Amino acid sequence: MARRAYARQMLAILGVDNAAIETAFATVPREAFLGPSPWTASSPFDGYRPILGTDPVVLYQDLVVALDPARGVNNGSPSLHAKLLKALGPKPGAHIVHVGAGAGYYSAVLAELVGPAGQVTAVEFDPALARRTAASLSGRPNVRVVCGDGSRWPETSADGVYVNFAVSRPADRWIEGLSPGGRLVFPLGVPGPQRPNSGGRHSERGAALRIERRGVGFAARAISPAYFVCAEGAVGAGDAADVARLRQSFAAGGIDAVRSLIWKGAPDPEACWFAGADWALCRDEAP
């Protein structure tokens with residue numbers, strides 16, 4: 001009963017109407033992935049604080065729950081993930097790569113969405129967290145847990161790539177590994193300063209984007225503001241000049257006008273919201 005009410009509330013907060021996502025949220029027990037109480041919540045205003053209560057029902061609200069406070073790794077906002085998952089649009093039978101799987105809660109939600117005929121590859125960089133994730137997901141035959149650098153996945157084509165940390169540039173494989181019609185949802189962000197009592201560095205300006213492969217081109221649009229913890233591993237090492245240009249683009253505003261991604265091509269500078277060394281986000285419609 002509590003999970004069903006929680007599912008409806010999380011979708012309602014950001015105006016998501018999707019029966020499959022509601023059912024997945026109502027089915028997956030969040031407490032099974034967050035460890036035993038006491039739990040710790042994360043807030044952008046006061047850092048980490050204890051969650052009062054030991055009954056798992058306290059987890060069924062729009063809380064960001066700490067997984068590894070020292071690194072700033074959390075189980076993120078359910079309402080935001082509901083919106084991002086709707087944008088990703090996983091279908092039954094699809095193969096989805098979840099990059100930055102954390103403790104596996106949203107990997108389990110994805111597993112519900114793709115169903116027994118689908119496959120979720122959950123990639124986690126931290127070995128200890130990957131082991132914990134594998135244990136929590138061991139009863140789900142349609143999920144494979146991988147410990148490794150998320151920039152190397154998907155190794156083969158995937159119908160969707162769902163990224164749960166901020167980067168200043170998408171990894172090559174996230175774009176080039178998409179099947180025709182496949183979608184990438186990822187948080188684009190500019191690293192912010194280290195904040196007291198907040199663990200790892202988070203983006204100070206950021207937005208979640210959806211990229212969709214369409215024939216020879218890529219459609220793109222902004223989904224929502226998003227301020228995730230910044231990437232570790234190879235994908236976290238952004239080009240300094242590109243990061244500076246991205247900061248300027250966010251400061252100027254207008255990301256809602258983005259309609260296409262130019263990938264390793266020559267964009268029209270007049271049509272670009274942002275242009276990096278080998279990629280650009282543009283206001284022109286995708287081919």
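The present account deals with the structure reproduced in this document. (Residues numbered from 1 in each chain as written. Predicted model: local features only at pLDDT ≥ 70, side-chain atom pairs only at ≥ 80, totals over all residues. Heavy atoms only, no water.)

**Some points on the sheet that holds strand β10 (residues 203–214)**
Note: strands within a sheet are paired through backbone hydrogen bonds, in either parallel or antiparallel orientation.
Line of reasoning, step 1. What the 10 strands build is an open sheet, ordered β7-β6-β5-β8-β9-β10-β11-β12-β14-β13; its pairing is mixed. Each having just a single partner strand, β7 (143–147) and β13 (272–275) make up the two edges of the open sheet. Direction aside, the axes of adjacent strands within the sheet are offset by 20 degrees on average.
Line of reasoning, step 2. By the bridge criterion, four bridges tie strand β5 (residues 95–99) to strand β8 (residues 158–163) in an arrangement that is parallel. Along β8, the bridge assignment pairs His98 with Tyr162.
Line of reasoning, step 3. Across the sheet, helix α3 (residues 78–88) lies against β5, β8, β9 (178–191), β10 and β11 (217–225), angled at about 165 degrees from β11, the strand it touches most. (Pairing = 2+ DSSP bridges. Helix = DSSP H or I, 4+ residues; strand = E, 2+ residues; numbered from the N terminus. Axes fitted to C-alpha atoms, helices over the stretch in contact; angles between N-to-C directions. Contact = heavy atoms within 4.5 Å.)

**Section: the nonpolar core**
Line of reasoning, step 1. Judged by nonpolar contacts, the single largest core of 52 residues is most densely connected at Phe25, Ile51, Leu84, Leu85, Tyr105 and Val109.
Line of reasoning, step 2. Among the secondary structure elements, those contributing two or more residues to this core are α1 (2–13), α2 (19–27), β3 (65–68), α3, α4 (105–114) and β6 (119–124).
Line of reasoning, step 3. For this core, the leading source of residues is α4, giving eight residues.
Line of reasoning, step 4. For Leu84, the residues in contact, after removing those within four places along its chain, are Tyr162, Val185, Ala208, Ile223 and Phe228.
Line of reasoning, step 5. Counting residues in each nonpolar core, the second largest holds 38 residues, with Val161, Leu178, Ala222 and Val235 among its members. (Core = buried A, V, L, I, M, F, W, Y, C linked by side-chain atoms within 4.5 Å. Buried < 20%, exposed > 50% of the residue type's maximum accessible area, 1.4 Å probe, protein only.)

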